[in-house]
Amino acid sequence: MTVTGLPTGVSRTAVLIAQAREAETARPSGLFKDPLARPLVEAAGRISGVSEAGRRAAEHFVLRTRYFDDRLGEAVRAGLRQVVLLAAGLDTRAYRLDWPAGTRLFEVDLPDLIAFKDRVLAEHDAQARCERTAVAADLRDDWPASLVSAAFDPERPTAWLVEGVLMYLTPEDGAAVLKRLSELSAPGSRLSVEHVNQAYADQPKMRPAMNKLAATQAAWLSSVEDPEEWLAAHGWRAEITHQADLAVSLGRPVPAMAHPAVAGSARIWLVDATRD
């Protein structure tokens, strides 16, 4: 039975990501386990008729999930105990990762999406493994005020995750998110972020997926050509991981969408950055 209340547009893309995590969880040698992915997908309504580009994207979602899992793990092992997931979507890291005692995790997303997710997780008696706080806010508005009002402490180093959202924002809105995030980041903070370059969005094989996203009011609106320079302007030292290298390091085939022979100059940027 589908639970009403899941928004459309960009929020609906969260279901595709949850479906990829559900499928990976069912694999005996999965790169992670997300037992709450299936209940969330079933409640939201499974998306069928996924395009070829969408099916290829599922491979990316799996690798990306493990990459960011590992980056957050490194951050808390380094002593960070404040974590913020911006545009958290149907992310369940608060429930499935092993967090050290004293970890406070904030999830920021649209009010309707948070209400939907919280309702489904409550129905399944899901228990967070850290102190989790959901913050209802739009990244195009004054979300820092909402975050601080929820007891976020800008004086403490923070592990930030901005996964799968910046390409949906205009360049101006994306720059504002990064500026505000940076202003809230004490020295020693970590930032894990994903973006794409324009060559990736312009690939002919991406056109059907781009058209479908635009039709559901979830068009990609921005790109970044040099993530190191982009983040350095806001006080971050960035390291970029190529998706092909990530796949090899995890013992997985290189996804076609990331294979140098196919992708050429197209890039999905997976970035880990530190604030000195």
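Residues numbered from 1 in each chain as written. Predicted model: local features only at pLDDT ≥ 70, side-chain atom pairs only at ≥ 80, totals over all residues. Heavy atoms only, no water.

Per an unreviewed UniProt entry, the protein carries the name S-adenosyl-L-methionine-dependent methyltransferase and comes from Nonomuraea roseola. According to its UniProt record, the protein has this under Sequence similarities (unreviewed entry): "Belongs to the UPF0677 family." The Function (unreviewed entry) field of the UniProt record for the protein holds the comment "Exhibits S-adenosyl-L-methionine-dependent methyltransferase activity." (UniProt positions renumbered as here; feature names shortened; annotations may be inferred.)

**Q** Please explain the nonpolar core as it appears in this structure.
**A** In this structure, Leu 72, Val 83, Leu 85, Leu 90, Trp 99, Leu 105 and Phe 116 are the most contacted members of the largest nonpolar core, which totals 42 residues. Every element with two or more residues in this core is listed here: α1 (13-26), α2 (37-44), α3 (52-77), β1 (82-86), α4 (93-96), α5 (111-123), β4 (159-162) and α11 (243-249). Sort the elements by how many residues they give to this core and α3 lands first, with nine residues. Filtering out sequence-adjacent residues up to four positions away, Leu 90 remains in contact with Ala 14, Val 15, Ala 18, Leu 40, Leu 113, Phe 116 and Lys 117. Leu 178, Leu 181, Trp 269 and Val 271 belong to the second largest nonpolar core, which has 30 residues in total. (Core = buried A, V, L, I, M, F, W, Y, C linked by side-chain atoms within 4.5 Å. Buried < 20%, exposed > 50% of the residue type's maximum accessible area, 1.4 Å probe, protein only. Helix = DSSP H or I, 4+ residues; strand = E, 2+ residues; numbered from the N terminus. Contact = heavy atoms within 4.5 Å.)

**Q** Sorry, what's going on with the packing of aromatic side chains here?
**A** Within a pair of aromatic rings, the relevant descriptors are the distance that separates the centres and the angle that separates the planes. Throughout the structure, instances matching the rule amount to six aromatic pairs. Arranged with centres 5.1 Å apart and planes meeting at 70 degrees, the rings of Tyr 67 and Phe 68 form a pair that is edge-to-face. Exposure remark for Tyr 67: the relative accessible area of 2% places this residue in the buried category. On the numbers, 5.9 Å between centres and 75 degrees between planes, the contact of Phe 106 with Phe 152 is edge-to-face. Pair noted here: Phe 106 is in strand β2 (residues 104-109) and Phe 152 is in the loop between α6 (143-149) and β4, with a separation of 46 residues, a long-range link. Phe 152 shares its class with Phe 106; the two are buried. (Phe/Tyr/Trp six-rings, centres within 6.5 Å; stacked < 30°, edge-to-face > 60°.)

**Q** Explain α5 to me, please; I cannot follow it from the model alone.
**A** Within an α-helix, residues lying three or four positions from one another point in the same direction, as the helix has 3.6 residues per turn. Compared with the 18 Å implied by 1.5 Å per residue over 13 residues, the 18 Å span of α5 between its first and last C-alpha is a close match. If you check which residues of α5 are buried, you get Leu 113, Ile 114, Phe 116, Lys 117, Val 120 and Leu 121. Burial along α5 is one-sided: seen end-on, the buried residues are contained in an arc of 160 degrees. Counted as exposed and oriented over 90 degrees from the buried face of α5: Asp 112, Ala 122 and Glu 123. Buried residues along α5 sit against α2, α4, β2 and β3 (131-136). Looking one or two places after α5, you find Asp 125, whose phi comes out positive at around 55 degrees. (Expected span 1.5 Å × (residues − 1). Arc of directions from axis to C-beta.)

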